[in-house]
Amino acid sequence: MRLSLTLGALSTATLVTSTSTSTFRIWYPEYSAVFQNLLTSTCSPEYDTWAADLPADPGNLLANGTRTAGEAVVQCILSSTSEYMKTNMASAAVLLGIMPFALSVLGSSSEESALLYVIARRPLLTTLLVAGAPVVVALRPFEYKSPVGILRSREGRFYSLNLGPAWFVLCLEYALALASVANVAHVTYQLGVGVTTMILPDSQFLPGLWASTGVVVHIVGALCLKSRLRLLTPKGESIFRSEMTLSSKKSITVETIRETKLFLLLSWITSMLTTFHVIFGTLAFSSMQFISVRDAFGVIGRYTASVTLCRVVLMFELSGLRSSVDSVAETGTEGDEGRDPIDGLKNGPRVFTFAP
């Protein structure tokens, strides 16, 4: 049920952000007047051919390397703009190209979002947070953290803060998450219709595909964690009640199980997908044309705002979850002899206990 909810939200987001018929009709503000004027004058024949969904002139392939009507429109616009504008757009492409990697540094990892999804059992909030921050932290293959390592106490991590009544905190969390999703959906839609990607000039779905695949990576990460943990308590709690309860108000007992082949496979897939997602984002955003540096800063700023807000909400929930997990029973492995079972963990009435 929770997975269906996430996939349904993913499908809706993909539909909204990657489908449109507004290519060459909507532009980013700074050069909008210039491009619109070119389409009604110099590039009118190429644009009319594209708008009528007619095949491109076969001679264009030898003349300028274009194969489709959309590529012919792009070629005409670029050949009719000044060198200053071309340089400005090239600089904007560089800025946008490094954005996916920069956002991955600011964003949350699939391991962190999986904790909220699997242990805290808050699928709706998790879905909103990963959709509002569709970035992932690159993970190295075959190197993975302990599934409860993120819940351990160490310097730089804090425990749940009291921000007011539970209903107020819940409303605030969902408001911030929904605002982030709406912001990402809108800016991604604008990119789809306002720019042209040189790798697929006739397509508008690349920004939406990048945002959607980020959600997919988090889903695989959640499945990976689910294959490694078993929730012991609470049992029989409805999804709705669990969703409407803050992590800091829960009492949870989880048990780690031995690594299985499924876990190793999902872990490897997750790590590979995180790398491919960053590479794909770099390729897609660095090939964007018809956007200036000034407009690109606006795009980067809006993505950064959503990623930051979702990161804050997720870290707040994990801080509450850190004080809610009563115990972890972990099957011992070779090489554990002599290890302090509570090394680095929070001292107090609620601590992790590892049973060999």
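Use the structure listed above.
Counting starts from 1 at the beginning of each chain's written sequence and moves along it residue by residue. Since the coordinates come from a predicted model, pLDDT governs what is reported: local features require at least 70, and pairs of side-chain atoms require 80 or more to be given and counted, while whole-chain, interface and lining totals use all residues. Derived side-chain values reflect all non-hydrogen atoms in the structure, with water molecules and hydrogen atoms excluded from consideration.

Asks: Any chance you could explain helix α2 (residues 29-40) here in plain terms?
Replies: Because an α-helix packs 3.6 residues into every turn, residues spaced three or four apart end up facing the same way. For α2, spanning twelve residues, the distance from its first C-alpha to its last is 18 Å, which sits close to the expected 16 Å at 1.5 Å a residue. Residues of α2 that are buried include every one of Tyr31, Phe35, Leu38 and Leu39, and no others. Taken down its axis, α2 places every buried residue within 95° of arc, on the same side. Set apart from the buried face of α2 by more than 90 degrees, the exposed residues are Pro29, Ala33 and Thr40. Check the buried side of α2 and you find it contacts α3 (44-51), α5 (69-80) and α6 (83-106). The way it works is that DSSP assigns letters per residue, a run of H or I at least four long becomes a helix, a run of E at least two long becomes a strand, and they are numbered from the N terminus. A helix is expected to reach a length of 1.5 Å times the quantity of its residues less one. Throughout this description, buried means an accessible area under 20% of the type-specific maximum (1.4 Å probe, protein chains only), exposed means over 50%, and partly exposed covers the range between. Working note: the arc is built from the helix axis to C-beta atom directions. Contacts are assigned to residue pairs with any non-hydrogen atoms lying within 4.5 Å of each other.

Asks: Help me out: how do you make sense of the packing of aromatic side chains in this one?
Replies: To describe a pair of aromatic rings, one takes the distance between the centres and the angle between the planes. Side-chain rings of Phe, Tyr and Trp, where Trp is taken by its six-membered ring, are said to pair if the distance between their centres is within 6.5 Å; with planes under 30 degrees apart they count as stacked, over 60 as edge-to-face, and otherwise as tilted. Tallied over the entire structure, the rule returns nine aromatic pairs. With centroids separated by 5.0 Å and ring planes inclined at 50°, the aromatic side chains of Trp27 and Phe35 adopt a geometry described as tilted. Like Trp27, the residue Phe35 is buried in the burial classification. Both rings, one in Phe285 and one in Tyr303, keep their centres 6.3 Å apart while their planes meet at 90°; by these two values the pair is edge-to-face. Of this pair, Phe285 sits in helix α12 (residues 261-286) while Tyr303 sits in helix α13 (residues 293-322), placing them 18 residues apart in sequence. Of the two residues examined, Phe285 and Tyr303, each falls in the buried class. Connected via pairs of aromatic rings, a cluster forms that spans Trp27, Tyr31, Phe35 and Phe290.

Asks: How should the state of the cysteines be read in this particular structure?
Replies: By definition, a disulfide links two cysteine residues through a covalent bond between their sulfur atoms. In this description, the term disulfide denotes a pair of cysteine sulfurs within 2.5 Å. Per the counting criterion, the structure on display carries one disulfide. Paired by a disulfide, Cys43 and Cys76 hold their sulfur atoms 2.1 Å apart. Measuring the twist about the S-S bond at about -95°, one finds the Cys43-Cys76 disulfide to be left-handed. Of the two residues, Cys43 is situated in the loop between α2 and α3 and Cys76 in helix α5; the sequence distance between them amounts to 33 residues.

Asks: Sorry, what's going on with a nonpolar patch on the surface here?
Replies: The grouping of Ile199, Leu200, Phe205, Leu209 and Leu283 at the surface amounts to a nonpolar patch, some 380 Å² of accessible area in total. Residue placement: Leu200 occurs in the loop between β1 (196-197) and α10 (206-226). With a relative accessible area of 35%, Leu200 lands in the partly exposed category. Each patch groups residues whose relative accessible area exceeds 30% and which form no salt bridge, using 9 Å between like charges and 5 Å between nonpolar side chains of Val, Leu, Ile, Met, Phe, Trp and Tyr. A 1.4 Å probe and the Shrake-Rupley method give the accessible areas. Residues count as covered only by the protein chains that appear here. Think of a salt bridge as a Lys or Arg side-chain nitrogen and an Asp or Glu carboxyl oxygen that are within 4 Å of each other.

Asks: Help me understand the environment of Val299 in this model?
Replies: Topologically, Val299 is positioned in helix α13. The sequence separation of Val299 and Val184 amounts to 115 residues, and the corresponding C-alpha distance is 9.6 Å.

Asks: Help me out: how do you make sense of the pattern of salt bridges in this one?
Replies: Close approach of charged atoms lets side chains of opposite charge pair. Scanning all chains against the criterion turns up seven salt bridges. In this structure, Arg311 engages Glu112 in a salt bridge whose closest nitrogen and oxygen atoms are separated by 2.5 Å. Residue Arg311 is found in helix α13, and its partner Glu112 is found in helix α7 (residues 110-118); the two are separated by 199 residues along the sequence. With relative accessibility at 24%, the residue Arg311 sits in the partly exposed group. One salt bridge connects Arg122 with Glu243, and the closest N-O pair in it is separated by 3.9 Å. In this pair, Arg122 sits in the loop between α7 and α8 (123-132) while Glu243 sits in helix α11 (residues 239-243), placing the two residues 121 residues apart along the sequence. Look at Arg122 and you get buried, because its relative accessible area is 0%. When salt bridges with common partners are traced through the structure, they connect Arg122, Glu173, Glu243 and Glu317 into a single cluster.

Asks: Please clarify how the nonpolar core should be interpreted in this entry.
Replies: Buried together is how nonpolar side chains tend to be arranged in soluble globular proteins. Counting 48 residues, the largest nonpolar core has Leu96, Leu129, Leu191, Phe285, Ile291, Val299 and Tyr303 as the members making the most contacts within it. Mapped by element, the contributors of at least two residues to this core are α6, α7, α8, α9 (166-194), α10, β3 (252-256) and α13. With twelve residues, the single largest contributor to this core is α13. Once residues lying within four places of it in the same chain are set aside, the contact partners of Phe285 are Ala93, Leu96, Gly97, Met99, Pro100, Leu191, Trp210 and Tyr303. Definition used in this section: a nonpolar core is a set of buried Ala, Val, Leu, Ile, Met, Phe, Trp, Tyr and Cys residues joined via side-chain atoms within 4.5 Å.

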